[in-house]
Amino acid sequence: MVSSAHAVPPAFVRLAAHAVRWRLLSELAYGDLRVRELVALVGEPQNVVSYHLRLLRSAGLVTARRSSHDGRDSYYRLDLERCADTLAAAGTALHPALRLVPAQPAAPAGDPVTSPVTSSVLFVCTGNSARSPVAEALLRHRAGGRAEVASAGSHPKPRTHPDAVRVLRRGYGIDIADRRPRHLDTLTGRRFDYVITLCDKVREVCPEPGGHSRRLHWSIPDPAATGDGTGQAGYPAFERAAAEIDTRIRYLLPVLTHPPRT
């Protein structure tokens, strides 16, 4: 006999079992999107998409962040770590023997890698002085040779932000002190499997990449916009940005090794 405590399916199962919500989860699994983009991808009216997004947000599976370029827009993001935890718990709810242990999204940095380069990735932001060089350094560090990585900006700053240098050195043992921002034009003609924008402005004003590149967006606030950039006032923002970028990169690595079917 099933006890009343187990009569209701776990929240993740109830949410993900709905066709529209499953499609939304699937579309958000690789990058952040706006409502109108989700409407086009899912093929449902905006009020329907907004309703299901609200349910997913209430469960903590999806979060929203205002665009730093056009404040009227919001980007929706799938919390992959939360999804992994709730999906693992769903197995236990059915039977203790079905307890699922979430797989590590990536091997720890520094592990030896024997597989060849599988993908090329370009990170893009406006100044190429904070978010994109941090992402470039972290992916190169964690990929261990499995990915070719570059970063560039639409309007590069004169130098890499000192707090970006500091946060990578302190938190991850990576030194990019000698790195200089580069313009997107310097990469003209190079083909990348993935082009990942980390800046809402660049994502909203830059044209789609040519060739067969897959374009993804990670809506991450500019840490350099906090504080005056001369002392410790803005440094916590760099720590938060680096931590979020690192989490996303750990989940990106399996995608680079086993690309999603299209």
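The written sequence of each chain sets the order in which its residues are numbered from 1. Totals for whole chains, interfaces and linings use all residues, but because this is a predicted model, local features are given only for residues with pLDDT of at least 70 and pairs of side-chain atoms are given and counted only at 80 or more. Excluded from the side-chain calculations are hydrogens and water; all other atoms, namely the structure's heavy atoms, are used.

(A) Highlighting the packing of aromatic side chains. Any Phe, Tyr or Trp ring, taking Trp's six-membered ring, that has another such ring centre within 6.5 Å forms a pair; planes under 30 degrees apart are called stacked, those over 60 apart edge-to-face, and the others tilted. Here the structure, examined in full by the defined rule, presents one aromatic pair. Where Phe123 meets Trp218, the ring centres are 5.8 Å apart and the plane angle is 50°; that geometry is what we call tilted. Of this pair, Phe123 sits in strand E3 (residues 119–125) while Trp218 sits in the loop between strand E6 (214–217) and helix H9 (235–257); the two residues are 95 residues apart in sequence, bridging distant segments of the chain. Across the pair, exposure class does not vary: Phe123 and Trp218 are buried alike. Comment: the charge-over-ring label is applied if NZ (Lys) or CZ (Arg) is within 6 Å of the ring centre and within 35 degrees of the ring normal. Here Arg170 stacks its cationic end above the ring of Tyr235, 5.0 Å away from the centre of that ring. Taking the ring centre of Tyr30 as reference, the NZ or CZ of Arg214 above it sits at 4.9 Å. Helix and strand definitions here come from DSSP, where helices need a minimum of 4 consecutive H or I residues and strands a minimum of 2 consecutive E residues; each element is numbered from the N-terminal end. We call a residue buried when its accessible area falls under 20% of the maximum for its residue type, exposed when it is over 50%, and partly exposed in between, using a 1.4 Å probe and counting protein chains only.

(B) Broad picture of the environment of Glu81. Structurally, Glu81 can be placed in helix H5 (residues 80–94). Since its relative accessible area comes to 34%, Glu81 is described here as partly exposed. For the pair Glu81 and Leu61, spaced 20 residues apart in sequence, the C-alpha separation works out to 8.9 Å. Contacts are assigned to residue pairs that have any heavy atoms within 4.5 Å of one another. With residues near it in sequence (within four places) discarded, Glu81 still touches Thr247, Arg250 and Tyr251.

(C) Geometry of helix H7 (residues 162–172). Buried within H7 we find Asp163, Ala164, Val165, Val167 and Leu168. Buried residues along H7 sit against helix H6 (131–143) and H9. Within two residues after H7, Gly173 carries a phi angle of roughly 65°, on the positive side.

(D) Seen up close, the pairing of strand E5 (residues 194–197). The side-chain alternation of E5 yields two buried faces, one formed by Tyr194 and Ile196 and the other by Val195 and Thr197. Pairing geometry for E3 and E5, over four bridges, is parallel. Note on E5: the bridge partner recorded for Leu122 is Val195. Two strands are said to pair when DSSP picks up at least two bridges between them.

(E) Geometry of the pattern of salt bridges. Any Lys or Arg side-chain nitrogen found within 4 Å of a carboxyl oxygen on Asp or Glu counts as a salt bridge. This model, assessed by the stated rule, comprises 18 salt bridges. Of the charged contacts, one joins Arg65 and Glu244 as a salt bridge, the two residues approaching to 3.2 Å between their closest N and O atoms. Highlighted residues: Arg65 in strand E1 (residues 62–66) and Glu244 in helix H9, separated in sequence by 179 residues. The class of Arg65 is partly exposed, set by a relative accessible area of 30%. Put simply, Asp193 and Arg191 hold a salt bridge, and the shortest N to O gap is 2.7 Å. Judged by its relative accessible area of 48%, Arg191 is partly exposed. Through salt bridges with shared partners, a single network forms among Asp32, Arg65, Arg77, Glu244 and Arg248.

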